[in-house]
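# Coordinate inspection notes
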Amino acid sequence: MNPNGIAAPGRTHPDLGCSTISFRHRPLPEALRAIAGLGVEGIDLGGLPGVCDHIPTPLGAAAPEVLAAVADSGLRTWAINVDAGAMNDPRLDEAALRATAGPLVDLAARLDAALMVPCGAQHRDPFVDEATDLDRLARGLRLLGDLAAARGVRVLVEGLHHFRFCHTRQRCEALLERVPADSAGFVLDVSHVVAGGIDEVAFARDVAERVEHVHLRDARPGEINLSLGRGRADFAGVTGALRGSGRTPRYVLELETHDVAEAAREAEAARAVALIDPALA
């Protein structure tokens, strides 16, 4: 039983994990304890400004504290979910990107984790024009991929985000055309796809060859912050499409939901595990 009396599986599918963003309002050690109670072994560590500060922005001298908390939890970090800067912004030059990314790459390397970044600025309008911004974003991702590869770290990009520059299927696909798979893998966030009014099953099938990581949260068009089963996302369809394409990505519950009281988050996360785990079997 977890602290709320909900029976969590003693052992979940090895490719099912949970992001600390699911418990973003709690200190990192407390969030990790809640996740450990779900029976999963893998985590994403959240460090997105305005969303989750489990990895502070900028990182500063916080790395030892983060490393100690993760070591104490017994959980394995699959990815650190951080923002190295709006890489389509002309003001973010190569030197600035290297300075910001360096400590994050080092933290990922010490955790044996991937480095996950978003797809541009937190607004949809380009700084210059769509093609120029896509080119700049792609150059940044390729540079980041080279920096990370030198430390044995894999870069992943959450290439479609309802509130960021790459918010449409067209921009996402254009970005992936500009960034080779050697530089970055793709994070498929089901909620952002659904919120954009995109067929999530067809999209998963079409981008399957690039998908290495999947974020699970429910949504409806225009709304991304729903608990699993309370939106219109077809999770079985998405997992089936990826499986049918021969892909075996990691699936991570990123339950940044606005329809659950804070005290009910463990119970809601356990319910999500019980919903998704059989679909991965």
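All values derive from a computational prediction rather than experimental measurement. (Residues numbered from 1 in each chain as written. Predicted model: local features only at pLDDT ≥ 70, side-chain atom pairs only at ≥ 80, totals over all residues. Heavy atoms only, no water.)

## Here we look at the overall build of the protein chain
The helix and strand tally for the protein chain stands at nine helices and 10 strands. The C-alpha atoms of the protein chain give 18 Å as radius of gyration, which agrees with the globular expectation for 281 residues (19 Å, within 12%). Summarising the internal contacts of the protein chain: among those between residues at least 6 apart in sequence, 80% fall at separations of at least 24. As displayed, the protein chain offers around 11300 Å² of accessible surface, 50% of which is attributable to carbon and sulfur atoms. Counting 29 positive and 39 negative side-chain charges, the protein chain places the centres of these two groups 1 Å from one another. (Helix = DSSP H or I, 4+ residues; strand = E, 2+ residues; numbered from the N terminus. Rg over C-alpha atoms; globule rule 2.2 N^0.38 Å. Contact = heavy atoms within 4.5 Å. Areas by Shrake-Rupley, 256 points an atom, 1.4 Å probe, with all protein chains shown as cover. Lys, Arg positive; Asp, Glu negative; His and termini not counted. Charge placed at Lys NZ, Arg CZ, Asp CG, Glu CD.)

## Quick notes on the confidence of the model for the protein chain
If pLDDT is low for a region, its predicted coordinates should not be looked at in detail. Summary statistics for the protein chain give a mean pLDDT of 95 and a share of 96% for residues scoring 70 or more. Segment residues 1-9: pLDDT under 50, and 16 contacts once partners within four positions in sequence are set aside and those in other chains are kept. (pLDDT = per-residue confidence, 0-100.)

## So, the sheet that holds strand 7 (residues 211-216)
One closed barrel holds the eight strands; their spatial order is 1-2-3-4-5-6-7-10, and the pairing between them is parallel. On average, each strand axis in the sheet is tilted by 25° relative to the strand beside it, whichever way the strands run. Across three bridges, strand 1 (residues 16-19) lies against strand 10 (residues 250-253) in parallel orientation. In the sheet register, G17 faces strand 10, and the bridge partner there is V252. Strands strand 2 (42-47), strand 3 (76-82) and strand 4 (114-118) of the sheet are contacted by helix 3 (residues 94-111), whose axis makes an angle of about 165° with strand 3. (Pairing = 2+ DSSP bridges. Axes fitted to C-alpha atoms, helices over the stretch in contact; angles between N-to-C directions.)

## A short note on the environment of D106
If you trace the backbone, D106 turns up in helix 3. A sequence separation of 83 residues divides D106 from D189, and the C-alpha atoms of the two residues are 25 Å apart.

## Describing unusual backbone geometry
With an omega of -5°, the peptide bond between T57 and P58 qualifies as cis. Mapped onto the fold, P58 is located in the loop between strand 2 and helix 2 (63-73). In this model, D112 sits at a positive phi of 55°, which is unusual for a non-glycine residue. Checked against the element boundaries, D112 lands in the loop between helix 3 and strand 4. The exposure class assigned to D112 is exposed, which follows from its relative accessible area of 53%. (Buried < 20%, exposed > 50% of the residue type's maximum accessible area, 1.4 Å probe, protein only.)

## Observations concerning the pairing of strand 6 (residues 185-189)
Along a regular strand, successive side chains alternate from one face of the sheet to the other. Among the five residues in strand 6, five count as buried, and that is most of the element. What you see with strand 6 is no split at all: G185, V187 and D189 on one side and F186 and L188 on the other are buried throughout. Note that strand 5 (residues 155-158) and strand 6 share two bridges and pair parallel. Across the sheet, residue L156 finds its bridge partner in strand 6, namely G185. Where the polypeptide runs from strand 5 across helix 5 (residues 169-178) and back to strand 6, its parallel neighbour, the crossover connection is right-handed. (Right-handed = clockwise from strand over helix to strand, strands pointing away.)

## Describing helix 2
All of the buried residues along helix 2 are A63, V66, L67, A69 and V70. The buried residues of helix 2 occupy an angular sector of 165° when the element is viewed end-on, so they sit on one face. In helix 2, the exposed positions angled more than 90 degrees off the buried face are occupied by P64, E65, A71 and D72. Contact partners of the buried residues in helix 2: helix 1 (28-36), strand 2, strand 3 and helix 3. Within two residues after helix 2, G74 carries a phi angle of roughly 80°, on the positive side. (Arc of directions from axis to C-beta.)

## Comments concerning the side chain of D44
Residue placement: D44 occurs in strand 2. No salt bridge is formed by the buried D44; its nearest oppositely charged neighbour, R250, is found at 7.4 Å. A polar atom in the side chain of D44 sits 3.0 Å from the side chain of H213. When residues no more than four places from it in sequence are discounted, the contact partners of D44 are C18, S19, T20, W78, A79, M116, H213, H215 and V252. (Salt bridge = Lys/Arg side-chain N within 4 Å of Asp/Glu carboxyl O. Polar contact = N/O pair within 3.5 Å; in protein donor to acceptor, adjacent residues only side chain to side chain.)

## A closer look at helix 7 (residues 200-207)
Residues of helix 7 that are buried include every one of E200, V201, F203, A204 and V207, and no others. Seen end-on, helix 7 carries its buried residues on one side only, within an arc spanning 165°. Turning to helix 7, the residues buried within the fold contact helix 5, strand 6, helix 6 (190-195), strand 7 and helix 8 (235-244).

## What about the pattern of salt bridges?
Overall, the coordinates contain 21 salt bridges when judged by the stated rule. The partner of E173 in a salt bridge is R169, with the nearest N and O atoms 2.8 Å apart. Taken together, the residues span about one helical turn, with E173 and R169 both in helix 5 at a distance of four residues. Among the ionic pairs, R232 bridges to E200, the shortest N-O distance being 2.4 Å. Of the two residues, R232 sits in the loop between strand 9 (223-226) and helix 8 while E200 sits in helix 7, which places them 32 residues apart along the sequence.

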